[in-house]
Each structure stands twice: as structure tokens, then as C-alpha cells.
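One letter stands for each residue in the lines below.
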Number of protein chains: 2
Amino acid sequence: MKRTMINRMMGAAFLFLLVFSQAYAQTDPLPSWNDGPAKKAIVEFVKTTTEKGSAKFVASEARIATFDQDGTTWVEQPMYTQVIYCLERVPAVVKAKPDLAKVEPFKTVLSGNREAMAKFTMPDLEMILAATLTGMSVDEFSAEAKKWLEAARDSRWKRPYTELTYLPMQEVLKYLRANGYKTYIVTGGGQDFVRVYSERVYGIPPEQVVGSAGGTSYRYAKDGKPFLTKEPKLLLNNNNAGKPEGIHLMIGRRPYAAFGNSTGDKQMLEYTQAGDGARLAMLVLHDDAKREYAYGPAQGLPNTKVGTFTQALYDEAKKKSWTVISMKNDWKSIFSFDK
Amino acid sequence: MKRTMINRMMGAAFLFLLVFSQAYAQTDPLPSWNDGPAKKAIVEFVKTTTEKGSAKFVASEARIATFDQDGTTWVEQPMYTQVIYCLERVPAVVKAKPDLAKVEPFKTVLSGNREAMAKFTMPDLEMILAATLTGMSVDEFSAEAKKWLEAARDSRWKRPYTELTYLPMQEVLKYLRANGYKTYIVTGGGQDFVRVYSERVYGIPPEQVVGSAGGTSYRYAKDGKPFLTKEPKLLLNNNNAGKPEGIHLMIGRRPYAAFGNSTGDKQMLEYTQAGDGARLAMLVLHDDAKREYAYGPAQGLPNTKVGTFTQALYDEAKKKSWTVISMKNDWKSIFSFDK
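Residues numbered from 1 in each chain as written. Chains lettered and ligands numbered in written order. Predicted model: local features only at pLDDT ≥ 70, side-chain atom pairs only at ≥ 80, totals over all residues.

Would you mind going over the overall build of chain A in detail, with residue names and values included?
Along its length, chain A carries 14 helices and 7 strands. Against the 2.2 N^0.38 benchmark of 20 Å for 339 residues, chain A shows a C-alpha radius of gyration of 22 Å, consistent with a compact globule. Across its three principal axes, chain A shows a C-alpha extent of roughly 75 × 60 × 35 Å. Scored against the burial criterion, the 339 residues of chain A give a buried share of 41%. The long-range share in chain A, meaning contacts at least 24 apart out of those at least 6 apart in sequence, stands at 61%. (Helix = DSSP H or I, 4+ residues; strand = E, 2+ residues; numbered from the N terminus. Rg over C-alpha atoms; globule rule 2.2 N^0.38 Å. Buried ≥ 20, exposed ≤ 12 C-beta atoms within 10 Å, placed from the backbone. Contact = placed C-beta atoms within 7 Å.)

Now the structure itself:
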């Protein structure tokens, strides 16, 4: 066949795919969302930034969307999953270093006294994190975390933690990607931890996970083979102001859409909205005690140690026209297993 | 039309595209390369890792290739482009802070004495880098660097620095991408600097540039608008052992192919090769004084301050079966403008 003919046929095939993928897209991309301001804000944002001829059209390579994880794409109560991982790793760490058994906070962790553990201070938690997340090779860490995630079950639903992702947010991730957006997790949690399952659970590859990150050291094994060890040195505290800083370091451009659920996400939402053109800033409010949890003083809901949705954050959201997502009112289903 | 029929037609269209895109791929993907061991190594690596049924097939999401920049994808002589940028920024910095005019190393830079500048020590250079690369917002920095890159011309070819990229390496970038590889720049140079032009020059988006990176600070302007400032605090020294460490931080997986040209790339190549399956590790040897430059003691060529290809690196390359690319023998053309 001649080149020109091949070109023409390829053109026709592309056109065909284009037309029918658009026809497919006519079906509701967010079936787990009730009609309301939150769903409307998402759909309008996508249309405004991706439809040809739109005054606020965004070039496909600039389409970046960032998602906090804990409390935004999956459950964060009664404790962050990664903190549970660290606590459950303590016995193995103590086995390797028996002296730790006599020292706090490890002594309390080994006692199993949940009430005492709930009183841990930040320095206590930092000691536990350093002991359980560093000092091994990055490959050993990934293998351990993967093994734990497969076996561990949460206390309420008795399911793997990785099943406790919010179906409506999974739909938003897919909808944005189908419209050319590159989706990122931007979490205060550990970058290496989330990278273990991000591809499988969210369809987000490891390189699109930005999280709190420690340094590594390049070493050689006895056989000369190089490896990286995880060091107890914090490079990036990816919370609050650390979120836009982490986004600059790891992505290098400002997101067009950002999703969070707590004061730790405030700066990421501000930074996203401060760009020109159409920007989407959304906060998940946990107001559904029946299907998930209800917390956050913004709605007179009980305060908790994690995921603080304060009155100040609520007021700022209203002032800046960020959209607050009510789990109770905006979400038809919360999890894929409760549909 | 019924769903099944649409599905069938879409399947046919996909098949058509697949077959003809493969037919297209039969044309030489590396026309600027002479036949020889280097070209052969690249083509065989791509076939081995991407052809269905290959024992060393690599899943498309794991296909990562990393490229050093200075001396690997563009010219690094007589000085790194970014160092020239910093030196040429000194007058503007001194204008804003006149006291610097009386202080070394700024005094020497202002004198224009190139011989004296060539003798700068590392602390001298660090002072210049800190003064010219930090203290402004990230947006101001990008705008300045962009403006400079448009106006500046190199001393030998009298062309914009961004035209001094190696055509054969541009072909490798495109060839790898056409085969599902995600291509990254992994440079000892400044991450923010390279990100200004990476998309336009290499087709590599900012988020796929890993480089030496300083910290930023999240601040508020008087009108309440948030912005990021560049701080004189080094987060990542992306050279030597810093390259695999930077790759872990920013990408989170081991590359399958890595390209470098100096001792600063040794660890990246080692780390790449230490993975299982097929891996490609290549070093560019600058042995073409006529068309570009000839340097590196490995071939009895003169040593220079930048891009050291030592005898030790050469011996290691031979021992570990890394492929050394001879610019003189392997490359038909060096630049797109000298074809």
C-alpha cells in the first residue's frame, strides 16, 4: 500500500475511535455521586478545561490533579493505616533489637494497651516511625509492607485496608484521567508506603505519588551489588506548607484540581486556586457516621486526632468558594463493596 | 448501533492501528546512528523488552529510561550551560545588592576575566549559584531563565544552547517513547533550570526531570496570594550516589535503561544494571574534536573540568559490559543543524 493511503486509513481509524470514545463518555462518569453542587462542580470543571473552544481550555500536558489520601481517597479512622502498620511492625523490630523492649514508647506498644498508645506524643510516634520505616533496604521495606497489606484487616469492616477506598473518588480519578489529567496522590503519609499499592489500588504509578519522604543511602553489598537503604533523615514533610513545596519538588507545576479533607490540605488547595484559569478545590467532609465516620468540629461533629476539619477551614472554604463534599448527601455509595 | 457491534468495530480499528504502527516501526528508528555495537545494543534492548513473547519482556508501566543531560544529551563544553547562566546573572544580582561588587567571587565575575573564573573553587561556585538561583519566587526564576535561554548564544556555533542537543540521543528518546518507555532527565544540574525547557527541547515534561534541587518556602504576598520562594538549602545533590537516591525519591522504581557520560553517572548505571532481566547501560565518549569536542583521559584525550570520563570508568564499563558510544564512529550527525 502507498504511504498516503495508509495515512488516510489510519486517519479514518483514529476518527472512528474518537467519535465512539466520545459517545461512550456520554454515559454518567460519576454514577456513585448524587446530583448536587459537588458533582456539578467536578463535571463543569472537566468540561471547561477540556472542551475545544472553551475560554479556559487547558493544554493536555498541563492537566495535573492532586489528591490527598487519608480521609480523601480512603478511610483514616480510627488511625492512619500507616501508623497501624508501624505499630504492628514493632514486635519484629524488638525481636531484632531486644533492648528496645525495655524502652518507651516500645514497651507500651508491646503491652497492647490501646488507651496508652492513644496518648503517644509526636516524639513517641517519631521514634516508632524511625524504628519501623528506616534501617532496611528499600526493597526489603516494600516487600514487608506488601506482605502486611495483604494479610491485615481493618477492625470495622474486616477487610484489607486497600478495599477501604471511596468509590466516588475512584470515579473522579478515572474521570479525570479519561479527560487527559495526570492524577497524583499528594499525602502527608510516607511516600514509599503508598507507592507499594498505588498502582493496584488507584491506578496511580509510584512516580505519581508525592508523600513525606526520608533520605536513602546508596550502599554496596558484600558481593558488590548496590542497594539503597532507608535513612532516618526527613527530606520532605509533605503536610501543610510542605504540600505545595512537595508538589513543586516532585511535579514542578501547579495543579488544576486538588482534593483534600483537613487543615493539612489547606495550602495545597490555596496554591492550586491561586493559578489562573479554571481551578477546582474540594474538601471531603466526613458527616456520615452510619456508612463511614462523622467527625470534624466544622459541623459540630466530634473532634479526632486525625483529619481535622476545623471551623476555620470550613469558613475559608466558604470564603474562597472551595466545594465541600458531604459524604452523607453527595455520595450514593461509599465503598465498592456496599453498593 | 448495538454495543457489541461498536465494540467489534473498535476492536477492528485498534487492530488496524496496531498492525500499521508496527509496519511504520520497520523503518530505521535511529537514522543518525551508524551500524555498530552501540546502535545494535539499543535496538536489541528495545526488542527484548517490548516484543510479545520475549523472555525478558517488561510490562509497559515499568518501562523507565533515564538520561544524564550535560555531555549526554547536549554539549557541556567549555562550561555547563547553567554555570554560564549563573555567571551572566551576576550583574543583575549585584545591581540589586551593590555591596556584592566589592566581594569575591563576584568581583572577579564582574571583571570578565575568564582565566581567573576558570580557577574558581567549589565554594566560589556555590556562592555564585546561591546568589543567582535562590532568593526569588519559582515563577520569577523560570521567567528569567526562559528569557535568557531565548537570547543567549554559545561561543562556538553561535546558536541558542537549546539547539546544541545531540540528534542521535533525541532519536533514542523518541524511539524509547514510541516503545512505551517513560523517559527522564536525571541530571546533576538544577532541576528547576532544566524544567524550563525540557518539554520543548526533549519532549520530556517537567515532572520527568530529576535534578539537583533546593528547598522552597511557601509564603504569602501582601494581597494574600501564596507563592513559593527558592531557598539556599540543598535537598538533593543529584550526582554520583545522589543519582540513584534521586531516582528513588522522584520515580520510585529502578530504570531499565540509563545513559551517561562521566563518573557522576557511574552509580546510576550500576543501579540500573543491578536489576533483573534486560538492562541497558551506556556511556557517551566525546572523541570527536572536529564535530564537537574530544576529552576524557580514558582515550588519552585531554582532561577538562567537566564531564570526566576517567580510565577507571572506562575499565569498569568494559568489565560490566556497559556500551561505550563513540561520537566519532557511532554518530552520523551530531546536531540536527549539521545534517
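Residue-level account of helix H11 (residues 242-250) of chain B, with values.
Residues and elements named next belong to chain B. By the criterion of burial, H11 is predominantly enclosed, with 9 of the 9 residues buried. All buried positions along H11 are accounted for by Gly 242, Lys 243, Pro 244, Glu 245, Gly 246, Ile 247, His 248, Leu 249 and Met 250. One or two steps after H11, the chain reaches Gly 252, where phi turns positive at roughly 80°.

Which residues make up the pairing of strand S2 (residues 182-190) of chain A, and what are the values?
Residues and elements named next belong to chain A. Burial of S2 is extensive: 9 of the 9 residues sit out of reach of the surface. Of the strand pairs in this sheet, strand S1 (residues 64-67) and S2 are connected by 4 bridges, and their pairing is parallel. In the strand pairing of S2, Phe 67 is matched with Ile 185. Bridge count for S2 against strand S3 (residues 209-220) is 3 bridges, and the pairing is parallel. Note on S3: the bridge partner recorded for Val 186 is Val 210. (Pairing = 2+ DSSP bridges.)

Let's hear about unusual backbone geometry: which residues, and what values?
A cis amide bond links A:Gln77 with the next residue in sequence, A:Pro78, at an omega value of -5°. Here the bond from B:Glu104 into B:Pro105 is cis, since omega is 0°, no more than 30 degrees from zero. Of note in the backbone geometry, A:Ser321 takes a positive phi value of approximately 60° without being a glycine. Assignment of secondary structure puts A:Ser321 in the loop between helix H13 (311-319) and strand S7 (323-326).

Which residues make up the confidence of the model for chain A, and what are the values?
As a general rule, the predicted coordinates of low-pLDDT regions are not to be interpreted in detail. Residues at a pLDDT of 70 or more form 92% of chain A, whose mean pLDDT is 92. Our summary of model confidence lists the complex with pTM equal to 0.91 and ipTM equal to 0.90. (pLDDT = per-residue confidence, 0-100.)

Tell me about the interface of chain A and chain B, and please be specific about residues and values.
Each partner contributes residues to the interface: chain A has 35 residues there, and chain B has 34 residues. Of all the secondary structure elements, the ones that give two or more residues to the side of chain A that touches chain B are helix H1 (3-25), S3, strand S4 (226-236), helix H11 (242-250) and helix H12 (266-273) of chain A. If you tally residues by element for the side of chain A that touches chain B, the top one is H1(A), at 7 residues. Residues of the side of chain A that touches chain B, tallied by class, amount to 23 nonpolar, 4 polar and 8 charged. (Nonpolar A, V, L, I, M, F, W, Y, C, P; charged D, E, K, R; others polar.)

With reference to specific residues and values, describe the sheet that holds S7(A).
Residue and element names in this part refer to chain A. Strand order across the open sheet formed by 7 strands is S4-S3-S2-S1-S5-S6-S7, with mixed pairing between neighbours. At either margin of the open sheet sits one strand with a lone partner, and together these are S4 and S7. Strand-to-strand twist across the sheet, computed as the mean angle between neighbouring axes with direction ignored, equals 35°. Where strand S5 (residues 257-260) lies against strand S6 (residues 280-285), 4 bridges are found, and the strand directions are parallel. (Axes fitted to C-alpha atoms, helices over the stretch in contact; angles between N-to-C directions.)

Give a detailed account of the relation of the copies chain A and chain B, specifying residues and quantitative values.
Laying chain A over chain B is done by rotating through 180° and shifting 0.0 Å along the axis; what remains is an RMSD of 0.0 Å. What the rotation and shift describe, once combined, is the action of a two-fold rotation axis. (Least-squares fit on C-alpha atoms with pLDDT ≥ 70 in both.)

Explain the pairing of strand S1 (residues 64-67) of chain B residue by residue, including any values.
Consecutive side chains of a regular strand alternate in pointing toward one face of the sheet and then the other. All names here are of chain B. Because side chains alternate across S1, one face comprises the buried residues Ile 64 and Thr 66, and the other comprises Ala 65 and Phe 67, equally buried. Here 3 bridges tie S1 to strand S5 (residues 257-260), and the two strands are oriented parallel to one another. When the sheet's bridge partners are listed, Phe 67 is paired in S5 with Phe 259.

Provide a residue-level description of the nonpolar core, including the pertinent values.
For soluble globular proteins, the rule of thumb is that nonpolar side chains tend to be buried together. Of all hydrophobic cores here, the largest spans 135 residues; its most connected members are A:Tyr184, A:Ile185, B:Tyr184 and B:Ile185. If near-sequence neighbours (up to four positions away) are discounted, B:Tyr184 is found in contact with B:Ile64, B:Ala65, B:Thr66, B:Phe67, B:Ile204, B:Gln208, B:Val210 and B:Ile251. Core analysis: the second largest hydrophobic core is formed by 10 residues, A:Cys86, A:Phe106, A:Val109 and A:Ala131 among them. (Core = buried A, V, L, I, M, F, W, Y, C linked by C-beta atoms within 7 Å.)

Any details on the packing of H11(B) against helix H12 (residues 266-273) of chain B? Residues and values, ideally.
All names here are of chain B. Across the interface, H11 lies against H12 with an axial gap of 7 Å and an inter-helix angle of 55°. With respect to H12, the axis of H11 lies oblique. Here Lys 243, Pro 244 and Ile 247 of H11 lie close against H12, whose contacting residues are Gln 267, Met 268 and Tyr 271. Broken down by class, the residue content of the contact of H11 with H12 amounts to 4 nonpolar, 1 polar and 1 charged. (Parallel < 35°, antiparallel > 145°, perpendicular 65-115°, else oblique.)

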